[in-house]
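# Reading the structure
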Amino acid sequence: MLEMFLAAIACGLVIGVFSGMLGIGGGTVMVPLLRLGFGLPAIVSTATSLFTIIPTSITGFVTHIRNRTCVPKLGVVAGIAGAFVSPVGVLLANASPSWLVMLVMALIMGYSAWKMFRKAFAAPRGVSTIANIRKAFDERSKRAGLSPEEQKAARAAHLAEMDALLPKLSGKDLLKGALFGLIAGLASGYVGVGGGFIMVPLFISFLGISMKQASGTSLIAILILAIPGTITQGMLGNIDFLIGLAMACGSIPGAFLGATLVNYIPERRLRFVFGGFLVLGAILLAANEFGVL
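Residues numbered from 1 in each chain as written. Predicted model: local features only at pLDDT ≥ 70, side-chain atom pairs only at ≥ 80, totals over all residues. Heavy atoms only, no water.

## Description of the overall build of the protein
Across its full length, the protein holds 12 helices and 0 strands. Counting helices and strands in the order they occur from the N terminus, the protein gives α-α-α-α-α-α-α-α-α-α-α-α. Across the 293 residues that make up the protein, the buried fraction comes to 54%. Excluding contacts between residues fewer than 6 apart, the proportion of contacts in the protein whose partners are at least 24 apart in sequence is 86%. Entry remark: accessible area of the protein is about 12300 Å², with carbon and sulfur atoms responsible for 71%. (Helix = DSSP H or I, 4+ residues; strand = E, 2+ residues; numbered from the N terminus. Buried < 20%, exposed > 50% of the residue type's maximum accessible area, 1.4 Å probe, protein only. Contact = heavy atoms within 4.5 Å. Areas by Shrake-Rupley, 256 points an atom, 1.4 Å probe, with all protein chains shown as cover.)

As structure tokens, this is what we get:
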């Protein structure tokens, strides 16, 4: 039991890092781990993943807000829309055979990976504008002899530069965000993920925001839309709270680290990492459900 608890903490730490970096609740990695590594039934894997997503997302989205690497209004709109339908996804999952739940997740993950790789190959090489601004701020902050007032002014200038990069979204854009949230919320309840693997590619493709901004925005939406689904799963008795809490113990500090690292990693590389994890998870899930593993 102790070994399982420690293993869950270690897995949570890794999941948290990628959650904070990539704007996902971590379910795209958690569900395969819970299903394949811990041997939990499909519905328990999805329910426990959804439960763990909430504390993981809190840490990541707070850091993204402080660093100005998110669009809060878009995240709230998408999250509220998704919250209305995530319990519907939970009820559908409980009425579905386990192989269908896992197969649907594998297909969605594969499609999202394809979209992310397309963007990665099309993106220019090099460090993003956000990373350049962050690097300039770090260099200013390290200069010797800066008074507290000068340090405060440097911080204010950095935040102003970050704010200037935030997109000006129209009402039509916010409606699109709500639609994306509805899709993510239904998927969240059905396959036990936050929905970031759906929202991040859609935010980038249809709203024109950067990968880093899409990641932070997605975490805001995930935090909101995951709550009703988690409550529904808890009422149905599907959550393994011991493993979920152990993973949360690792994912909370991991998400903080990941959300901080996002400022220093080229956007193109982030897209490749995100796509790679989606492909790996999809293959493992499909192989397990068809008896290959």
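Back to the write-up after that little detour.
## A few points about the packing of aromatic side chains
Following the criterion strictly, the structure yields 4 aromatic pairs and no others. Seen from their ring centres, Phe-51 and Phe-241 are 5.2 Å apart, and the 80° between their planes marks the pair as edge-to-face. Of this pair, Phe-51 sits in helix H3 (residues 42-67) while Phe-241 sits in helix H11 (residues 241-261); the two residues are 190 residues apart in sequence, bridging distant segments of the chain. Classification of Phe-51 by relative accessible area gives buried; the value is 18%. With relative accessibility at 42%, the residue Phe-241 sits in the partly exposed group. (Phe/Tyr/Trp six-rings, centres within 6.5 Å; stacked < 30°, edge-to-face > 60°.)

## A word on the confidence of the model for the protein
Per-residue confidence for the protein averages 81 on the pLDDT scale, and 82% of its residues sit at or above 70. No element of the protein has a lower mean pLDDT than helix H6 (residues 129-141), at 55, and none a higher one than helix H4 (residues 72-94), at 94. (pLDDT = per-residue confidence, 0-100.)

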